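Here is how the chains run, residue by residue.
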Amino acid sequence: MKTEKDLSDFLELYSQVYQELYRFALYTLKNPQDAEDTVSDTVLAAFEQFEQLRSKKSFRSWIFKILANKCNRRMRSYYQKTVPLEQAENNLVHEPDFTRDAGIRSAFAQLKEEEQMIVALCVFGGYREREIASMLNQNYSTVRSKYHRALKKMKECILS
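Keep in mind the model is a prediction, meaning the values are calculated, not measured.

A.B. asks: Break down the nonpolar core for me, citing the residues and quoting the values.
C.D. replies: Generally speaking, nonpolar side chains in soluble globular proteins are found buried as a group. Of all hydrophobic cores here, the largest spans 41 residues; its most connected members are Phe24, Phe59 and Phe64. Counting only elements with at least two residues in this core, the list comes to helix 1 (4-15), helix 2 (18-29), helix 3 (32-48), helix 4 (59-80), helix 6 (102-110), helix 7 (113-124), helix 8 (129-136) and helix 9 (140-159). The dominant element in this core, judged by the number of residues it contributes, is helix 4, at 9 residues. With sequence-adjacent residues up to four places away left out, Phe24 is seen in contact with Phe64, Leu67, Ala68, Cys71, Met117, Ala120 and Leu121.

Right, dumping it as structure tokens:
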């Protein structure tokens, strides 16, 4: 059972990362409503599991892992949805024109999930490679290599 102290501790830690969580979800999912829903789901799941967190110092990386997993599940659900052609054509009238970003989005979608997370955290989330390495519990050199390889893959995809 959660105590007032648990709630207070959680809110204190959450207040330090809530904007970054939303920014990461928004850049990953490209939809404000889905980003809000996913962050809400993440916060709820994190609070439910808060007593399992061993160190408050690892809160940021812990909650970002939860968020990244929830974003990945949501993105997989995007690919599994099928819409009748007539409905899709009707929706095109109301959707903004993303054609200029299509190459970048397509290249980003070609990356592995881990590469997407690293690129999103660095490019969209504004994190440095050392911070990402800490969040993902990986070696700095490994994250740096994966980041640069992912950017190279994206560039090759865009130019081809």
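Here the narrative resumes, following the displayed structure.
A.B. asks: Give me the lowdown on a nonpolar patch on the surface, citing residues and values where you can.
C.D. replies: Residues Ile104, Ile158 and Leu159 make up a contiguous nonpolar surface patch of about 310 Å² in total accessible area. As for its position among the elements, Ile104 is in helix 6. Its relative accessible area of 47% is what places Ile104 among the partly exposed residues.

A.B. asks: Please provide a residue-by-residue account of the confidence of the model for the protein, values included.
C.D. replies: Of the residues in the protein, 84% have a pLDDT of 70 or more, and the chain-wide mean is 81. Mean pLDDT values for the elements of the protein range from 51 in helix 5 (residues 85-92) up to 93 in helix 3.

A.B. asks: Give a description of helix 8 that names residues and reports values.
C.D. replies: For helix 8, the set of buried residues is Glu129, Ile132, Ala133, Met135 and Leu136. Across the axial projection of helix 8, the buried residues extend over an arc of 160 degrees, all falling on one side. Trailing helix 8 by a residue or two, Asn137 shows a phi angle of about 55 degrees, which is positive.

A.B. asks: Explain the packing of aromatic side chains to me, using residue names and the numbers behind them.
C.D. replies: Inspection of the entire model under this criterion finds 8 aromatic pairs. Between the aromatic rings of Phe10 and Phe47, the centroid separation amounts to 5.2 Å while the plane-to-plane angle is 70 degrees, which identifies the pairing as edge-to-face. Of this pair, Phe10 sits in helix 1 while Phe47 sits in helix 3, and the two are 37 residues apart along the sequence. By relative accessible area, which is 3% here, Phe10 ends up buried. Centroid distance Tyr14 to Tyr18: 6.0 Å. Interplanar angle 40 degrees. Geometry classified as tilted. When the ring centre of Phe108 is taken as origin, the NZ or CZ atom of Lys30, which lies over that ring, is 5.1 Å away. Residue placement shows Arg130 over the ring face of Tyr140; its charged tip is 3.9 Å from the ring centre.

A.B. asks: Hey, could you go over helix 3 for me, with residue numbers and the actual values?
C.D. replies: A rise of 1.5 Å per residue sets the reference length of helix 3, with its 17 residues, at 24 Å; its end C-alpha atoms lie 24 Å apart and thus fit the reference within 8%. Restricting attention to buried positions, one finds in helix 3 the residues Asp34, Ala35, Thr38, Val39, Thr42, Val43, Ala45 and Ala46. With a side-chain oxygen lying 2.9 Å from the backbone nitrogen of Gln33, the N-terminal cap of helix 3 falls on Asn31.

A.B. asks: An account of the packing of helix 8 against helix 9 is needed here, citing residue identities and associated values.
C.D. replies: Axes are the key here: two packed helices are described by the angle between their axes and the distance separating the axes. At their nearest, the axes of helix 8 and helix 9 sit 8 Å apart, and the two run at 110 degrees to each other. By the angle between their directions, the pair helix 8 and helix 9 is classed as roughly perpendicular. With respect to the hand of their crossing, helix 8 and helix 9 are arranged in right-handed fashion. Mapping the contact onto sequence places Glu129, Arg130, Ile132 and Ala133 in helix 8 and Tyr140, Val143, Arg144, Tyr147 and His148 in helix 9. Residue classes in the contact of helix 8 with helix 9 are distributed as 5 nonpolar, 1 polar and 3 charged.

Rules behind the numbers
Throughout this description, residue numbers start from 1 for each chain and increase along the sequence as written. Owing to the predicted nature of the model, reporting of local features is limited to residues with pLDDT of at least 70; listing and counting of side-chain atom pairs is limited to 80 or more, with chain, interface and lining totals taken over all residues. Only hydrogens and water are set aside; all other atoms, that is, all heavy atoms of the structure, feed into the side-chain values. Each nonpolar core is a collection of buried residues, namely Ala, Val, Leu, Ile, Met, Phe, Trp, Tyr and Cys, held together in the definition by side-chain atoms within 4.5 Å. The buried label applies to any residue whose accessible area, calculated with a 1.4 Å probe on protein chains only, is under 20% of its type's maximum; exposed applies above 50%, and partly exposed to all values in between. Secondary structure elements follow DSSP: runs of H or I of four or more residues count as helices, runs of E of two or more count as strands, with numbering from the N terminus. Should any heavy atoms of two residues lie within 4.5 Å, those residues are considered in contact. To count toward a patch, a residue needs a relative accessible area above 30% and no salt bridge. Like charges then connect within 9 Å, nonpolar side chains (Val, Leu, Ile, Met, Phe, Trp, Tyr) within 5 Å. Each accessible area value is a Shrake-Rupley result obtained with a 1.4 Å probe; residue values ignore everything except the protein chains displayed when judging cover. Take a side-chain nitrogen of Lys or Arg and a carboxyl oxygen of Asp or Glu: if they are within 4 Å of each other, that pair is a salt bridge. Residue-level confidence of the predictor is summarised by pLDDT, bounded by 0 at the bottom and 100 at the top. Think of it as the arc spanned by the lines of direction from the helix axis to the C-beta atoms. Think of it this way: a Phe, Tyr or Trp ring, Trp meaning its six-membered ring, pairs with another when their centres are within 6.5 Å, and the plane angle makes it stacked under 30 degrees, edge-to-face over 60, tilted otherwise. In this scheme, the term charge over a ring applies when either NZ of a lysine or CZ of an arginine sits within 6 Å of the ring centre and within 35 degrees of the ring normal. The span one expects for a helix is its residue count, reduced by one, times 1.5 Å. In protein, a polar contact requires one atom able to donate a hydrogen and another able to accept it; more generally it is a pair of N or O atoms within 3.5 Å, and residues adjacent in sequence count only if both atoms are side-chain atoms. Lines fitted to the C-alpha atoms define the axes, with helices restricted to the stretch that makes contact. Angles between their N-to-C directions range from 0 to 180 degrees. Our angle categories are set so that under 35 degrees counts as roughly parallel, over 145 as roughly antiparallel, 65 to 115 as roughly perpendicular, and the remainder as oblique. Each crossing gets its handedness from the near helix: less than a right angle anticlockwise from the far helix is left-handed, clockwise is right-handed. Under the convention adopted here, Pro, Cys and the residues Ala, Val, Leu, Ile, Met, Phe, Trp and Tyr are nonpolar, Asp, Glu, Lys and Arg are charged, and Gly plus all remaining residues are polar.

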